[in-house]
Amino acid sequence: MNFLETHSFKSELYVKSENDSVICLACRRKCKISEGNSGFCKVRLNKKGSLMVPYGYVSALNIDPIEKKPVYHFMPGSDTLSFGMLGCNFRCDYCQNYEISQVFSDENIKNISFRDISSDEIVSIAEDNNIKIIVSTYNEPTVSIEWALEIFKKAKNKIKSAKTGFVSNGYLSDEVLEYIDDHVDFIRVDLKSFNSERFKKLTKANLKDLIVSIEKIYKKGFHLEIVTLIVEGFNDTKQELKEMAFFIKSLSSDIPWHITRSHPDYKMSDINTPEAKKMDDLISYAKSLGLNYVYGGNYDTFYKDTLCPKCGEKIFERGYMSLKYYGIKEDLCPKCGGKIYGVY
Ligand code: SF4
C-alpha cells in the first residue's frame, strides 16, 4: 500500500456513478474518478467504488500569529495552531508551498514530508498552548476537508470558544459550503487574477466558478478576507485591480483585501519581485476605489494598520506579521463609535 492508501478514510462527500466510478463533491471541479484512480488533486482516491480521502497526518504543524495568514479582522493578535496536509486542486507555477501542494502531481518532487498524528493529539496541542484558533492552511484545505472537520469539531467540543478557519484558494463547492457551515468561522481566499484566460492558465480552474464561490462564502456569513498576490506581468495593472475591487465592493466594502508582494518561486523562478514603491502605488490606488480595509503584505509597508473608515482613528497597529496596538472597543471605533468589520 502506498502513502495515500495508508493515510486515508472514507469520505462523506461523493456520489456513486456508473461502473464503480465516483463523483467527488469537495471542490468545483467535481471530478469523476474511476475505480483505482484519483481526482485532479491526486489525494482523493476511488478504492472499490468508495472515495478515500486524506487522514491521520500533517505535513506541517506550527503556532503562527493570525496576522501571518494574513487575516487582520479576526481576533487580531491571537496565535493559531496551523496545520497543513498534502495536495492541491490548483497548479500555480509560483506556488510558495509547492513541495507539499504538488508532491503527487510533480514527479520532480520526491520527498513526502509528513508526521503521523491523531485529531485528538492536535486538539491537545492547542489546549496545552492555550490556543483558541485552529487553521487548515499551507496546502489547499478543500482536498482534505473531512479530516479538517474532524479536528475542528473536536476542538469546538473541547476548547471553550474555539474558532476555526481555512486559508484556501476558495474553489469550494456548494456541497462543501453546506458541510462546513456550522464548523468553520473564517475563510481567507485568494483572488489571483480577474482575467479568465490568465486565471485558467495559472490555476487550471475557472474564474467564473471561483467568483460564485466567493459570493457564496460571504453570503453564508463566514468571516471573509481576500488576498491578491501581485506578480509582475500577470496581474499588476491598475485596470485589473479596479475590476477586482469592484467585485469585492459588490459584496461589501468592508471585506479586508490584502495586496501582497510575490517573489520568485517554483516554476516562476525568473520573475521580478515588484518594487516596494510600485506595491505602495497599487495599494494606494486600490484604497481610492472605495474599499474600507486594503492592506499591503510581504514587504515593509505602512499599509498594514487598521484605521476607522469613518473618522480615521487608528484601531490596530501592526508590525511584520504581528500586532503592536489593539485599540478597538468591542467591535466599535473608540472615537466615533463606527463599526469595524470583524470578530474581536
Ligand atoms: S477535491 Fe476537487 S480536484 Fe480533488 S478529487 Fe475532489 S473535485 Fe477533484
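Keep in mind that what you see is a predicted model, and the values were worked out from it rather than measured.

> Even after reading the chapter, I still don't get the overall build of the protein, so can you show me in this structure?
When its secondary structure is counted, the protein shows nine helices and 19 strands. What you see for the protein is a C-alpha radius of gyration of 20 Å, in line with the 20 Å of a compact globule of 344 residues. Reported as C-alpha extents along the three principal axes, the dimensions of the protein are approximately 60 × 45 × 35 Å. Partitioning the contacts of the protein with sequence separation of at least 6, the portion at a separation of at least 24 is 66%. Accessible surface, the protein: about 14,700 Å² in total, of which carbon and sulfur atoms supply 46%. In the protein, 48 positive and 47 negative side-chain charges are present, and the distance between their average locations comes to 3 Å.

> For this particular structure, what's the right way to read unusual backbone geometry?
Outside of glycine, negative phi angles account for most residues, and trans bonds account for most peptide bonds. A cis geometry characterises the amide bond from lysine 69 onward to proline 70, with omega recorded as -15°. If you trace the backbone, proline 70 turns up in the loop between β8 (60–65) and β9 (79–84). Although it is not a glycine, aspartate 20 sits at a positive phi angle of roughly 65°. Checked against the element boundaries, aspartate 20 lands in the loop between β2 (14–16) and β3 (22–24).

> Can you help me understand the pattern of salt bridges in this one?
Any two side chains of opposite charge can pair, so long as their charged atoms come close to each other. This structure, assessed with the given rule, holds 24 salt bridges. In this structure, the salt-bridge partner of aspartate 64 is lysine 69, at a minimum N-O distance of 2.8 Å. Lysine 69 carries the same exposure label as aspartate 64, and that label is buried. For lysine 238, the salt bridge goes to aspartate 281, with nearest N and O atoms at 3.4 Å. One end of the pair, lysine 238, is in helix α8 (residues 238–251); the other, aspartate 281, is in helix α9 (residues 276–287), with 43 residues separating them in the sequence. Connected through salt bridges with shared partners, the residues Arg28, Asp174 and Lys216 form a single ionic network.

> Please clarify how the domain arrangement of the protein should be interpreted in this entry.
A common way to express how large an interface is: the accessible area buried when the components associate. Segmentation of the protein into domains returns domain 1 (3–54) and domain 2 (57–304). In this structure, domain 1 and domain 2 have C-alpha centres spaced 24 Å apart. For the pair domain 1 and domain 2, the two sides together bury roughly 2,200 Å², of which 63% comes from carbon and sulfur. Taken together, domain 1 and domain 2 are joined by three salt bridges. Linking domain 1 with domain 2 are 15 residue pairs in polar contact (both at pLDDT 80 or more), by the criterion used here. When contributions to the side of domain 1 that touches domain 2 are tallied by element, the ones reaching two or more residues are α1 (3–6) and β6 (50–54). In terms of residue class, the side of domain 1 that touches domain 2 is built from 12 nonpolar, two polar and six charged.

> So what exactly am I meant to see when it comes to the packing of helix α3 (residues 119–128) against helix α4 (residues 145–158) here?
In the contact formed by α3 and α4, the axes pass within 9 Å of each other and the chain directions differ by 45°. In terms of orientation, α3 and α4 fall into the oblique class. Of the two possible hands of crossing, α3 and α4 adopt the one that is right-handed. On α4, the residues touching Ser119, Asp120, Ile122, Val123, Ser124 and Glu127 of α3 are Trp147, Glu150, Ile151, Lys154, Ala155 and Lys158.

Each value, and the rule that gives it
Residues numbered from 1 in each chain as written. Predicted model: local features only at pLDDT ≥ 70, side-chain atom pairs only at ≥ 80, totals over all residues. Heavy atoms only, no water. Helix = DSSP H or I, 4+ residues; strand = E, 2+ residues; numbered from the N terminus. Rg over C-alpha atoms; globule rule 2.2 N^0.38 Å. Contact = heavy atoms within 4.5 Å. Areas by Shrake-Rupley, 256 points an atom, 1.4 Å probe, with all protein chains shown as cover. Lys, Arg positive; Asp, Glu negative; His and termini not counted. Charge placed at Lys NZ, Arg CZ, Asp CG, Glu CD. Salt bridge = Lys/Arg side-chain N within 4 Å of Asp/Glu carboxyl O. Buried < 20%, exposed > 50% of the residue type's maximum accessible area, 1.4 Å probe, protein only. Domains from an automatic or database assignment. Buried area = accessible area lost by both parts, 1.4 Å probe. Polar contact = N/O pair within 3.5 Å; in protein donor to acceptor, adjacent residues only side chain to side chain. Nonpolar A, V, L, I, M, F, W, Y, C, P; charged D, E, K, R; others polar. Axes fitted to C-alpha atoms, helices over the stretch in contact; angles between N-to-C directions. Parallel < 35°, antiparallel > 145°, perpendicular 65-115°, else oblique. Left-handed = near helix turned anticlockwise from the far one by under 90°.

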